[in-house]
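What follows is the residue order along each chain.
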Amino acid sequence: MNDENGNEKSEELDDDYLAAIDAVRAAIERFEDCGEAERQELQNDLDELSRMAEKLESGRVEIVVFGEISTGKSALVNALVGEDLTQVNVQGGWTKDLWHVPWEGTGYRVPGFAKTEVVLIDTPGLNEVSGEQRGEMARVAASKADLVLFVTDSDLNETEHSALVDLADAHKPIVLVLNKTDLYRREELEQLLTLFKGPRLAGLIEAANIVTTQADPREKEYIIESADGSTRSEWRKPAPQVEDLRIRILEVLEAEGKALIALNAAMFAADKSDRMAALRVRLREDRAAKTIWSFAVTKSLAVALNPVPAADVLGGTVVDATMVVTLGRIYGIDITTSNARALVTSILKAAGWVMLSEAVVSYASSVFKALTVGIGSAATMIPQGAAAGYGSYIVGQAARYYFQHGASWGNASAKQVITQILENTDKESVLEQLKEEIKKKISLNPYAGDGSQN
Ligand SMILES: Nc1nc2c(ncn2[C@@H]2O[C@H](COP(=O)(O)OP(=O)(O)OP(=O)(O)O)[C@@H](O)[C@H]2O)c(=O)[nH]1
Ligand SMILES: [Mg+2]
């Protein structure tokens, strides 16, 4: 950008670029307040977002070299950089890691930055025998690239074609590099290029982005004639030919480098944000389910092992209130113990006292049995405990719904929600499982009778 005096003006970063920085920062902030357990699960994603923010803020461009094994990706990186930095080998599957190679002297600078860095990232090849994990690593790297150099040395096979489709679907800018052209006769090469520029890849890659190279051409026999007329032959490796590719990369960067980086970062942030949100939902649901179950079991055991006053069996106990406070925390909502108690009571009311009456029946029968066969009989304590645990289980499910909806019953009434929960719960199976838990505990407790002795 030049001003009226013809001097280069230091450009401001444009709105898209700043919006991309904001999007990445916002994605980070969205998950920064999560609890310790969630943070551990989300840490990798958060780190990746931080790296993306740092990349954006420093204006770094990342070009990922991607493709089948042994197509010459590593050789291409070396040829572009002009140094043998990454390892080239005839053996397929040679590159096992991601190699970040700074590409100095490109002359490219992201507008708005005084100095920027272009990095070439060499990746492991696709289709390596037992190298699925490394192939995946390469795909992930490509999905984060500002620009992908898709390297092939022949017509595209199934793996290559579907990888190309995936990248194009993700709106990745791609330069398709046909390498090792020294191995083809002229007609063969033309035939291949016609194929690449034909209908099969139309829509996936524009013709201008199909480039040929010789990253590490095979040795050729050179005939050398001496002054005396005698000749000798010598085998030498010709210089690599990657100039067309270098020019094309710079053209793409000059034309849309900054937009590519911004678009890439914004899409990355959106994807990560979705992924992390989904992961967080799954984590919360897992933890909530485990919490509800463990409190239901605790309640079952408490009631089964200590024949208790009616008030405890009827719910609204410390166990239920503590469960509600714990569930609230899982969903990032702080609730006081007295509010938790109030919530438990309102859930029980909304349940239409169904559970209560069941619990009462169960309690009454236990009292009756206790009177007839003696307190501590497994025949009485197990059903009584399970019924109490079932009550806590339902209270837990309702409280979970309440917290999932931001501490409200959403569009429904508490009664509707709880009726639905009662309908959707396989009561028999929950009771059976609770009974099993109680039995396990009794058999582990040397002081509790197993019922048969009574
Ligand atoms: N004839 C010819 N051979 C090449 C060319 N470029 C690379 N090669 C050879 O192809 C083989 C594989 O090259 P690499 O650069 O290791 O290929 P790669 O894609 O990095 O392979 P992996 O890391 O195993 O996936 C080596 O023997 C190179 O010498 C080329 O332009 N022409
Ligand atoms: Mg390699």
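The structure displayed is predicted, hence computed values, not measured ones.

Peer 1: When you look at the pattern of salt bridges in this model, what are you seeing that I'm missing?
Peer 2: Any two side chains of opposite charge can pair if their charged atoms end up close together. Across all of its chains, the model carries 24 salt bridges by this definition. The partner of Lys237 in a salt bridge is Asp216, with the nearest N and O atoms 2.9 Å apart. Placement of Lys237 in the loop between β8 (231-236) and α7 (243-305) and of Asp216 in the loop between β6 (210-212) and β7 (220-225) is noted, with a sequence separation of 21 residues between them. For Asp216, a relative accessible area of 39% translates into the label partly exposed. The network of salt bridges with common partners includes Asp45, Glu48, Lys144, Lys272 and Arg275.

Peer 1: What should I look at first to understand the pairing of β7 in this one?
Peer 2: Pairing of β7 with β8, which is carried by six bridges, proceeds in the antiparallel orientation. Paired with Tyr222 across the bridge in β8 is Glu234. Between β7 and β8, which pair antiparallel in sequence order, lie five residues; one of them, Gly229, sits at a positive phi of approximately 90°.

Peer 1: Even after reading the chapter, I still don't get the coordination of the magnesium ion (ligand 2), so can you show me in this structure?
Peer 2: For a metal with four donors in a tetrahedral arrangement, the ideal angle between donors is 109.5 degrees, while six donors in an octahedron ideally sit at 90 or 180 degrees. Distances from the magnesium ion (ligand 2) to its protein donors, namely Ser74 (OG) and Thr95 (OG1), fall within the range 2.0 to 2.1 Å. Of this pair, Ser74 sits in helix α3 (residues 73-81) while Thr95 sits in the loop between α3 and β2 (99-102); the two residues are 21 residues apart in sequence, bridging distant segments of the chain. The pair formed by Ser74 and Thr95 is uniform in burial state, with each residue classed as buried.

Peer 1: Explanation requested: the site of ligand 1 in the structure shown.
Peer 2: Every one of the 25 residues lining ligand 1 counts as a neighbour, but Lys73, Gly93, Trp94, Thr95 and Asp216 are closest to it. Gly93 places a polar main-chain atom, nitrogen or oxygen, 2.7 Å from an oxygen atom of ligand 1. Between ligand 1 and Asp216, the relevant distance is 2.7 Å, taken from an oxygen atom to a side-chain nitrogen or oxygen of the residue. In the complex, the protein chains occlude 93% of the 650 Å² of accessible area that ligand 1 would expose alone. The cavity that encloses ligand 1 is the largest pocket.

Peer 1: I keep staring at the nonpolar core and nothing clicks. Help me out?
Peer 2: One broad rule of soluble globular proteins: the nonpolar side chains tend to lie buried together. Counting residues in each nonpolar core, the largest one holds 52 residues, and the members touching the most others are Val24, Ile63, Leu149, Leu245 and Ile249. Among the elements of the structure, α1 (15-32), α2 (36-58), β1 (61-67), α3, β3 (118-122), β4 (147-152), β5 (174-178) and α7 are those that each provide at least two residues to this core. For this core, the element with the most residues is α7, which contributes 14 residues. Setting aside residues no more than four positions away along its own chain, Val24 makes contact with Leu49, Met52, Ala53, Leu56, Ala265 and Ala269.

Peer 1: Sorry, what's going on with the sheet that holds β1 here?
Peer 2: As a general point, the strands of a sheet are linked pairwise by backbone hydrogen bonds and lie either parallel or antiparallel. Read from one edge to the other, the open sheet built from six strands follows the order β2-β3-β1-β4-β5-β6, with strand pairing classed as mixed. Looking at the sheet topology across the chains shown, the edges are occupied by β2 and β6. Averaged over all neighbouring strand pairs, the angle between strand axes comes to 25°, with direction disregarded. Sheet topology places β4 next to β5; five bridges connect them, and they run parallel. In the strand pairing of β5, Val151 is matched with Val177.

Cut-offs used in this document
Residues numbered from 1 in each chain as written. Chains lettered and ligands numbered in written order. Predicted model: local features only at pLDDT ≥ 70, side-chain atom pairs only at ≥ 80, totals over all residues. Heavy atoms only, no water. Salt bridge = Lys/Arg side-chain N within 4 Å of Asp/Glu carboxyl O. Helix = DSSP H or I, 4+ residues; strand = E, 2+ residues; numbered from the N terminus. Buried < 20%, exposed > 50% of the residue type's maximum accessible area, 1.4 Å probe, protein only. Pairing = 2+ DSSP bridges. Donors = N, O, S within 2.8 Å, 3.2 Å for Na, K, Ca; no water. Near = heavy atom within 4 Å. Polar contact = N/O pair within 3.5 Å; in protein donor to acceptor, adjacent residues only side chain to side chain. Areas by Shrake-Rupley, 256 points an atom, 1.4 Å probe, with all protein chains shown as cover. 1 Å grid on protein atoms, 1.4 Å probe; cavity = no way out; pocket = protein on both sides within 12 Å on 5 of 7 lines; lining within 4 Å. Sits in = over half its atoms within 2 Å of the grid points. Core = buried A, V, L, I, M, F, W, Y, C linked by side-chain atoms within 4.5 Å. Contact = heavy atoms within 4.5 Å. Axes fitted to C-alpha atoms, helices over the stretch in contact; angles between N-to-C directions.

Shape is all these values report; function is a separate question.
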